[in-house]
Amino acid sequence: MNDMPASRPPREVALDLYRFGAVVIVVIGHWLLSVMTYRDGEFGRDNPLVLMPWTQWLTWFFQVVPVFFAVAGYASAVSWARRDADEHPGVSRQDRIRARVARTLGPTAVYSVFVLLVMSALIVVGLSGQVRDVAGWAVAMHLWFLAVYLMVVLLTPLSLAAHRRWGLAVPAVLGAAVVVVDVVGISTGHTGIRVLNYLFCWAAIYQLGIAWHGGLLRRRLLLTMAVVGAAALPALVTWGPYPVAMIGVPGVRVENSAPPSAALLALAVVQIGVLFAIVPAVNRVLARGLWPRVLKVGNANVMALYLWHMLPVIIVTPIAYPFGLLPQPPLGSGAWWLARLQWELVLMVVTVVLLSLLSWRRRLFAAPLPTFGLPVPALVTEALLYLGSAACALALALIAATGFAPDGGFPVLPVALFAAGAAMVAVRPRIRTATG
């Protein structure tokens, strides 16, 4: 199999666009689905995917998280190839992983602490527990992504080693595992086994990004993948057990995203096949004008955008709806869609202001998790790194599922789990030695 190139490749500006664009599309989709209501003096929310089932088809265009994971796989391969080549030859495997995890946990911890302080203040002022529960869910539901991202980052050394030895067989086997788990879980009724697909599906997509960096996914193969995926997806949702919606919809027997399914993998194959096949053409377009500068700024703030994008929903809702600043026409009417556009524009303005403030205090809001050295063996700190990262991932998954104010209360267990995990990740050996 071809080893990953050691020399520095040219900048793939197209992938910068894909990364930033994927997050922007996810943000817009979350805002569209955040149909907050204010009726008879009480706040609530509607779910258009349930009340207007035809909108479930739109999720095929808004579910672009697979693109982000494929780009992340490519970026990890580039980063490790550069370090192995000549840039940081003395940095250990443990240090590399800790740095990647710390860059994720630092901003996430700041965001979580801020939200928890706000929720605690709402408890003190006596705000309704039901309102706190809804608000806590709104600002937490997107954190599942970070839980999965931590998982694939931890497995990066194994993913790269597997790529070097087996190449495209790795994503193929992982994809087959997704199908097998779905077949077993759905056919037997033991759907709990499908939780394995959080690993198999997202690792397969991540691995495709690594394979593309290694030169194994040529244009013809990418387009073939896209055609196969495009044929499989309609069949899976028409004759298979999968729903149309590529995100969770209350009441369905099988979900496509929680956990991910074979149908979501088929959609991912279409997206990756098409978008990666046109990378050279997109690179040529983006190499001119202001595009490189715009994408540099966008990608520098992509983490902040993803973490904080639901906070404007909580800011705008209690101001705009009780005071009649935003209309609440009948769901699905032409006026309702126009109101959705107004809602999006207002949230965009608030988000720009919020991101400007976050950028101003970037040393706080974008800082990686601080680390400290202890006179302990490197093997111990490496074990703590993996155990702590897993604890943080589990904590984020629990918060995403139950919110920052479950039933109006305080998420004691997830917070304790995250704090303990972050403390373990922060420990590094005082005398660094290369471990891989």
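Note that the structure is predicted; figures quoted are calculated from it, not measured. (Residues numbered from 1 in each chain as written. Predicted model: local features only at pLDDT ≥ 70, side-chain atom pairs only at ≥ 80, totals over all residues. Heavy atoms only, no water.)

A.B. asks: Which parts of the structure should I look at to understand a nonpolar patch on the surface?
C.D. replies: The grouping of Trp-54, Trp-57, Leu-58, Phe-61 and Trp-337 at the surface amounts to a nonpolar patch, some 570 Å² of accessible area in total. Mapped onto the secondary structure, Trp-54 falls in the loop between helix 2 (48-51) and helix 3 (59-62). (Patch = residues over 30% accessible without salt bridge, like charges linked within 9 Å, V, L, I, M, F, W, Y side chains within 5 Å. Areas by Shrake-Rupley, 256 points an atom, 1.4 Å probe, with all protein chains shown as cover. Salt bridge = Lys/Arg side-chain N within 4 Å of Asp/Glu carboxyl O. Helix = DSSP H or I, 4+ residues; strand = E, 2+ residues; numbered from the N terminus.)

A.B. asks: Got a minute to help me understand the pattern of salt bridges in this structure?
C.D. replies: Should their charged atoms come close, side chains of opposite charge can pair. For the coordinates displayed, the defined rule picks out 5 salt bridges. Across the pair Arg-98 and Asp-95 runs a salt bridge whose closest N-O atoms are separated by 3.8 Å. Residue Arg-98 and its partner Asp-95 are located together in helix 5 (residues 93-124), separated by 3 residues, close to a single helical turn. In this pair, the class of Arg-98 matches that of Asp-95, namely buried. With a closest N to O distance of 2.8 Å, Asp-182 and Arg-194 form a salt bridge. Taken together, the residues span a long stretch of sequence, with Asp-182 in helix 9 (residues 169-188) and Arg-194 in the loop between helix 9 and helix 10 (197-213) at a distance of 12 residues. Side by side, Asp-182 and Arg-194 carry an identical accessibility label, which is buried. (Buried < 20%, exposed > 50% of the residue type's maximum accessible area, 1.4 Å probe, protein only.)

A.B. asks: Even after reading the chapter, I still don't get unusual backbone geometry, so can you show me in this structure?
C.D. replies: When glycine is set aside, most residues are seen to have a negative phi, and most peptide bonds are trans. The linkage connecting Ala-258 with the following residue, Pro-259, adopts the cis geometry, with an omega of 5°. Among the secondary structure elements, Pro-259 is positioned in the loop between helix 11 (219-238) and helix 12 (262-277). Unusually for a residue other than glycine, Asp-407 sits at a positive phi of about 55°.

A.B. asks: Is there a simple way to explain the pairing of strand 1 (residues 35-39) in this structure?
C.D. replies: On any regular strand, side chains alternate: one points to one face of the sheet, the next to the other face. In this structure, strand 1 lies alongside strand 2 (residues 42-46), joined through 5 bridges in antiparallel fashion. If you follow Thr-37 over to strand 2, its bridge partner there is Gly-44. Hairpin connection from strand 1 to strand 2: 2 residues lie between these consecutive antiparallel strands, with Asp-40 at a positive phi of about 55°. (Pairing = 2+ DSSP bridges.)

A.B. asks: Sorry if this is basic, but what is going on with the packing of aromatic side chains here?
C.D. replies: Given two aromatic rings, their pairing is described by the distance between the two centres and the angle made by the two planes. This structure, assessed with the given rule, holds 19 aromatic pairs. Aromatic pair Phe-68 and Phe-145: ring centres 5.0 Å apart, planes at 80°, arrangement edge-to-face. Of this pair, Phe-68 sits in helix 4 (residues 65-87) while Phe-145 sits in helix 7 (residues 144-154), and the two are 77 residues apart along the sequence. Per residue, the accessibility class of Phe-68 equals that of Phe-145, and both read buried. (Phe/Tyr/Trp six-rings, centres within 6.5 Å; stacked < 30°, edge-to-face > 60°.)

A.B. asks: How should I be thinking about empty space enclosed by the protein in this particular structure?
C.D. replies: Take a probe with the size of a water molecule and roll it over the atoms, and the empty space left behind shows itself. Taken as a whole, this structure holds 1 cavity of 30 Å³ or more when the rule is applied. Reported here for the largest cavity is a volume of approximately 50 Å³. Every residue lining the largest cavity is listed: Ala-22, Val-23, Val-26, Val-65, Phe-68, Phe-145 and Tyr-306. Broken down by secondary-structure element, the contributors of at least two residues to the lining of the largest cavity are helix 1 (13-33) and helix 4. Among the elements that line the lining of the largest cavity, the one with the most residues is helix 1, at 3 residues. Along the lines of polarity and charge, the residues of the lining of the largest cavity split into 7 nonpolar, no polar and no charged. (1 Å grid on protein atoms, 1.4 Å probe; cavity = no way out; pocket = protein on both sides within 12 Å on 5 of 7 lines; lining within 4 Å. Points joined across faces, edges and corners; volume = space filled by probe spheres on them. Nonpolar A, V, L, I, M, F, W, Y, C, P; charged D, E, K, R; others polar.)

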